[in-house]
Amino acid sequence: MSKAPAKAEAAEGEAPAKGGKKKLIIIIVAVLVLAIAGAGAFMMMGKKKHAEGEEAEEEAVSHEPPKVKVDPSKPPIFVQLEQFTVNLAPEEGEHFLQSTMVLRVADAKVGDSLKLYMPELKHRIIMLLSSKKPSDLVSSEGREELADEIKEEANDVLGYAPNPKKKNKRNRPEDDGPVLAVLFNQFIVQ
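Throughout this document, residue positions are counted from 1 along each chain, in the order its sequence is written. Since the coordinates come from a predicted model, pLDDT governs what is reported: local features require at least 70, and pairs of side-chain atoms require 80 or more to be given and counted, while whole-chain, interface and lining totals use all residues. Side-chain metrics in this entry use all non-hydrogen atoms of the structure; hydrogen atoms and water are not considered.

Turning next to the overall build of the protein. Each helix corresponds to a stretch of at least 4 residues labelled H or I by DSSP, and each strand to a stretch of at least 2 residues labelled E; elements are numbered beginning at the N terminus. Scanning the protein for helices and strands turns up 5 helices and 6 strands. Along the chain direction, N to C, the helices and strands of the protein fall in the order α-β-β-β-α-α-α-α-β-β-β. Between buried and exposed lies partly exposed: a residue is buried under 20% and exposed over 50% of the maximum accessible area for its type, with that area taken using a 1.4 Å probe on protein chains only. Counting all 190 residues of the protein, 24% fall into the buried class. We call two residues in contact when some of their heavy atoms are within 4.5 Å. Restricting the contact set of the protein to residue pairs at least 6 apart, pairs at least 24 apart contribute 67%. In short, Shrake-Rupley with a 1.4 Å probe defines the accessible areas, and a residue's cover is counted only from the protein chains shown. Of the roughly 13,200 Å² of accessible surface on the protein, 61% is carried by carbon and sulfur atoms.

Right under this line is the structure:
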């Protein structure tokens, strides 16, 4: 009789050890899978940066940004952005801006590209809007300046840089990118 309880105790002692080994193996496999996925993502990003670097070198050599032509026979393409509500930079109390805007783009292909980069574009617009003081946005010139800055950010997200040699009417670098204009549909500062 004494042999049966001893075997039962030994079996009980082995079960947790086997379960612990299984958990350890599962954890090790999970860590390896995550490490491989992380390395793959790192390599893909490195290739993307390398390709972007080569494109930037090619553009720098040509010194002429690609021209975007608008065909008047085609209807305009607009990309609607969601409403933005941000706190403005402090200036005599708390103020916020609520704005809805639309981007006019060169063609539908650009509109589709913008939709892919929308999270980054929204982030950049929020950061830009929240850096403004209410006094910066009171005048129509201030709002036009903001529209130019948003247009530059949108074109930058798509990989187009402003041409420093060309200046617009507000003495800012002219942007030859595929985002042609930023139109405010709603603009409330409180």
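Next comes the rest of the write-up.
A few words on the environment of G159. Positionally, G159 belongs in the loop between helix 5 (140–157) and strand 4 (163–167). Through-space distance from the C-alpha of G159 to that of P178 is 9.9 Å; in sequence the pair is 19 residues apart.

Within a pair of aromatic rings, the relevant descriptors are the distance that separates the centres and the angle that separates the planes. Only the six-membered ring of Trp is used, alongside the rings of Phe and Tyr, when aromatic pairs are assigned; centres must lie within 6.5 Å, and planes under 30 degrees apart are stacked while those over 60 apart are edge-to-face, with the rest tilted. In total, this model carries 1 aromatic pair according to the counting rule given. Ring geometry for F184 versus F187: centroids 4.9 Å apart, planes at 65°, classification edge-to-face. Judged by its relative accessible area of 22%, F187 is partly exposed.

Close contact between helix 3 (residues 118–130) and helix 5 brings their axes to 10 Å; oriented N to C, the two are set at 150°. In this view, helix 3 runs roughly antiparallel relative to helix 5, as classed from their interaxial angle. In terms of crossing hand, the pair formed by helix 3 and helix 5 is right-handed. Residues E120, L121, R124, I125, L128 and L129 of helix 3 form the contact with helix 5, whose own contacting residues are L146, E149, I150, E153, A154, D156 and V157. For the contact of helix 3 with helix 5, the class distribution of residues is 8 nonpolar, no polar and 5 charged. Note on geometry: axes are C-alpha line fits, over the in-contact stretch for helices, and angles between N-to-C directions span 0 to 180 degrees. Roughly parallel means an angle under 35 degrees; roughly antiparallel, over 145; roughly perpendicular, 65 to 115; everything else is oblique. Two helices crossing with the near one rotated counterclockwise from the far one by less than a right angle form a left-handed crossing, whereas a clockwise rotation gives a right-handed crossing. When residues are sorted by character, Ala, Val, Leu, Ile, Met, Phe, Trp, Tyr, Cys and Pro go into the nonpolar class, Asp, Glu, Lys and Arg into the charged class, and all the rest, Gly among them, into the polar class.

The subject of this paragraph is the packing of helix 2 (residues 108–116) against helix 3. Two elements in contact, helix 2 and helix 3, have axes whose closest approach is 5 Å; the angle formed by their N-to-C orientations is 75°. Taken together, helix 2 and helix 3 sit at an angle that is classed as roughly perpendicular. Listed contacts from helix 3 to L114, K115 and L116 of helix 2 are M118, P119 and L121. Across the contact of helix 2 with helix 3, the residue classes break down as 5 nonpolar, no polar and 1 charged.

Moving on: the pattern of salt bridges. Salt bridges, as used here, are contacts in which a Lys or Arg side-chain nitrogen is within 4 Å of a carboxyl oxygen on Asp or Glu. Here the structure, examined in full by the defined rule, presents 5 salt bridges. Residues K122 and E82 are paired through a salt bridge, measuring 2.9 Å at the closest nitrogen-oxygen approach. Pair noted here: K122 is in helix 3 and E82 is in the loop between strand 1 (77–80) and strand 2 (84–87), with a separation of 40 residues, a long-range link. Note on E82: relative accessible area 53%, which makes it exposed. In this structure, R124 engages E153 in a salt bridge whose closest nitrogen and oxygen atoms are separated by 3.2 Å. Highlighted residues: R124 in helix 3 and E153 in helix 5, separated in sequence by 29 residues. A relative accessible area of 23% means that R124 is categorised as partly exposed. E153 sits in the partly exposed class, given a relative accessible area of 26%. Salt bridges linked by common partners bring E120, R124, E153 and D156 together as one network.

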